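If you want the building blocks of each chain, they are given just below.
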Amino acid sequence: MDGNQPSEAGTVPPTATVKKTTDWWGEIKGIFWLILIVLGFHSFVAKPFYIPSESMLPGLRIGDRLVVSKFAYGWSFVSPTIPNPVAIFRSVVLRQQEDSWSVGLPFVHGRLLGSLPERGDVVIVTPPGTRNDYIKRVIGLPGDTLAVQGGTVILNGKPIARGPMHYVDLPVDTNSPCSDSEYYGARRPAPGGGYVCHLPIVTETLPNGRYYDTVDMEPDSPGDNFATVKIPAGHVFLMGDNRDRSADSRFSLSQLGLGGPVPYENLGGRAEFLTFSLDGDAGWNPLTWWGSFRSGRAGVSLHPAEGK
């Protein structure tokens, strides 16, 4: 045997080729559990919320993103987040208007570990018979009597304390155009360029000492007078801070309002704080995103201030 020829015993076998395959079942299970965790978090802990209207000016503006705690008042039939694939398809693919991407559950009395909100809380509410989410402020609690006279809220026979009218200047942008049709004469040039929305503000103070700003544009708007109601057990009376531009408990369901005091089962949670806010100029190009952020909005608490 030649000394340079390897022996049969010392021959190294060729490396076997291992064919890699995708574990599709494992991938599907991983995605399923991820979706389940996200939906569970949205249903029982907290969820993001986008402000689509100006009903809560001056505190909340179109383009604000905030966090809603689901556990603040316990859980009810509006708490679960159950996606509706048909609604998602129609909205994303067919570009059709959909009220919600979630499946609405039938009304069920009571809340798990339930508790009533405090006056002044900013809450998410689903109007009875709908799947829309509104954001409003709690003004009246079960057993209260409530009326509105000339724009002043009368709670249990006493007017809510109102401070003197003053003004705030909100920057005008794509999401906050301050049009004459909505805020006649309020759009004004800003000293440093651009425009501001010069809004009349009245600060209200509730009996528990919590206070917040409201916008009062018109002296005799449809919601400035509301007949006295007694709030039933298990119900709350909700109003928007932009009193002339809010469909709330003062208005019927046919007027896109809340139809009077709302069952507390319809409360979806309490608004906690802003995460960020966009002015409406961002497009598909990621380079436009940074410039669309409104400064000073992130982290703003949505809990009302407390009086001394």
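Note that the structure is a prediction, hence the values are computed from the model and not measured.

A look at the overall build of the protein chain
The helix and strand inventory of the protein chain stands at three helices and 17 strands. Across its three principal axes, the protein chain shows a C-alpha extent of roughly 115 × 55 × 45 Å. Within the protein chain, the fraction of its 308 residues that count as buried is 42%. With an accessible surface of roughly 17600 Å², the protein chain has 61% of that area assigned to carbon and sulfur atoms.

Focus: a nonpolar patch on the surface
Side chains of Phe41, Phe44, Val45 and Phe71 sit close together on the surface and give an oily, nonpolar patch of about 390 Å² of accessible area. Tracing the backbone shows Phe41 in helix 1 (residues 24-44). Residue class for Phe41 comes out partly exposed when judged on its relative accessible area of 46%.

Some details on the pattern of salt bridges
Side chains that carry opposite charge are capable of pairing whenever their charged atoms lie near each other. Overall, the coordinates contain 16 salt bridges when judged by the stated rule. Asp144 serves as the salt-bridge partner of Arg119, at 2.5 Å between the closest nitrogen and oxygen. One end of the pair, Arg119, is in the loop between helix 2 (85-92) and strand 3 (122-125); the other, Asp144, is in the loop between strand 4 (134-140) and strand 5 (145-149), and 25 residues separate them in sequence. We note that Arg119, like Asp144, is buried. Look at the salt bridges and you will find they share partners, linking Arg61, Asp64, Asp173, Arg294 and Arg297 into a network.

Considering the side chain of Ser69
As for its placement among the helices and strands, Ser69 is situated in strand 2 (residues 64-69). A distance of 2.5 Å separates the side chain of Ser69 from the side chain of Glu272, its partner in a polar contact.

Examining the nonpolar core
Membership of the largest hydrophobic core comes to 13 residues, with the highest contact counts inside it found for Val123, Val125, Leu238, Leu258 and Leu267. Those elements giving two or more residues to this core turn out to be strand 3, strand 4 and strand 14 (235-239).

Points about the sheet that holds strand 15 (residues 262-263)
Strand pairing within a sheet occurs via backbone hydrogen bonds; the two strands may be parallel or antiparallel. Here seven strands make up an open sheet; going across it, the order is 1-2-16-3-4-14-15 and the pairing antiparallel. Both edges of this open sheet fall to strand 1 (46-50) and strand 15, since each of them pairs with a single strand only. When strand 14 meets strand 15, the two strands line up antiparallel, connected through two bridges. Pairing of Val236 across the sheet is with Val262, part of strand 15.

Notes on the pairing of strand 12 (residues 210-215)
Regular strands place their side chains on alternate faces of the sheet. Bridge count for strand 11 (residues 195-205) against strand 12 is five bridges, and the pairing is antiparallel. Residue Ile201 lies in a different strand from strand 12, and its bridge partner there is Val215. The turn linking strand 11 back onto strand 12 is made up of four residues, and Gly209 within it adopts a positive phi angle of 90°. Where strand 12 meets strand 17 (residues 305-306), two bridges bridge the pair, whose relative direction is antiparallel. Bridge assignment links Arg210 to a residue of strand 17, and that residue is Glu306.

As for the side chain of Glu54
Residue placement: Glu54 occurs in the loop between strand 1 and strand 2. One buried charged residue, Glu54, forms no salt bridge at all, with the nearest opposite charge on Arg245 at 6.7 Å. There is a polar contact of 2.8 Å between the side chain of Glu54 and the side chain of Tyr183. Apart from the residues lying within four places of it in its own chain, the contact partners of Glu54 are Ile62, Asn175, Ser176, Tyr183 and Asn242.

Overview of the state of the cysteines
Scanning all chains against the criterion turns up one disulfide. Between Cys178 and Cys197 runs a disulfide, and the two sulfur atoms are separated by 2.0 Å. Judged by the sign of its S-S torsion, about 70°, the cystine formed by Cys178 and Cys197 is right-handed. Placement of the pair is Cys178 in the loop between strand 9 (166-171) and strand 10 (187-189) and Cys197 in strand 11, with a sequence separation of 19 residues. The pair Cys178 / Cys197 is uniform in exposure class, with both members buried.

Some details on the sheet that holds strand 13 (residues 226-230)
Reading across from one edge, 7-6-5-13 is the order of the four strands in this open sheet, with antiparallel pairing throughout. Because the sheet does not close on itself, it has two edges, and the strands there are strand 7 (158-159) and strand 13. For strand 5 and strand 6 (residues 152-155), the ladder comprises four bridges, and the chain directions are antiparallel. Among the inter-strand pairings, Leu146 is bridged to a residue of strand 6, identified as Leu155.

Quick word on the pairing of strand 6
Judged by which residues are buried, strand 6 turns out to be covered on both faces: Thr152 and Ile154 on one side and Val153 and Leu155 on the other are all buried. Count of turn residues in the strand 5/strand 6 antiparallel hairpin: two residues, of which Gly150 carries a positive phi of about 60°. In this structure, strand 6 lies alongside strand 7, joined through two bridges in antiparallel fashion. Note that in strand 7 the partner of Leu155 across the bridge is Lys158. Following strand 6, the chain reverses through two residues before pairing antiparallel with strand 7; Asn156 in that reversal takes a positive phi of roughly 55°.

Quick notes on the rules
- Residues numbered from 1 in each chain as written.
- Predicted model: local features only at pLDDT ≥ 70, side-chain atom pairs only at ≥ 80, totals over all residues.
- Heavy atoms only, no water.
- Helix = DSSP H or I, 4+ residues; strand = E, 2+ residues; numbered from the N terminus.
- Buried < 20%, exposed > 50% of the residue type's maximum accessible area, 1.4 Å probe, protein only.
- Areas by Shrake-Rupley, 256 points an atom, 1.4 Å probe, with all protein chains shown as cover.
- Patch = residues over 30% accessible without salt bridge, like charges linked within 9 Å, V, L, I, M, F, W, Y side chains within 5 Å.
- Salt bridge = Lys/Arg side-chain N within 4 Å of Asp/Glu carboxyl O.
- Polar contact = N/O pair within 3.5 Å; in protein donor to acceptor, adjacent residues only side chain to side chain.
- Core = buried A, V, L, I, M, F, W, Y, C linked by side-chain atoms within 4.5 Å.
- Pairing = 2+ DSSP bridges.
- Lys, Arg positive; Asp, Glu negative; His and termini not counted.
- Contact = heavy atoms within 4.5 Å.
- Disulfide = S-S within 2.5 Å.

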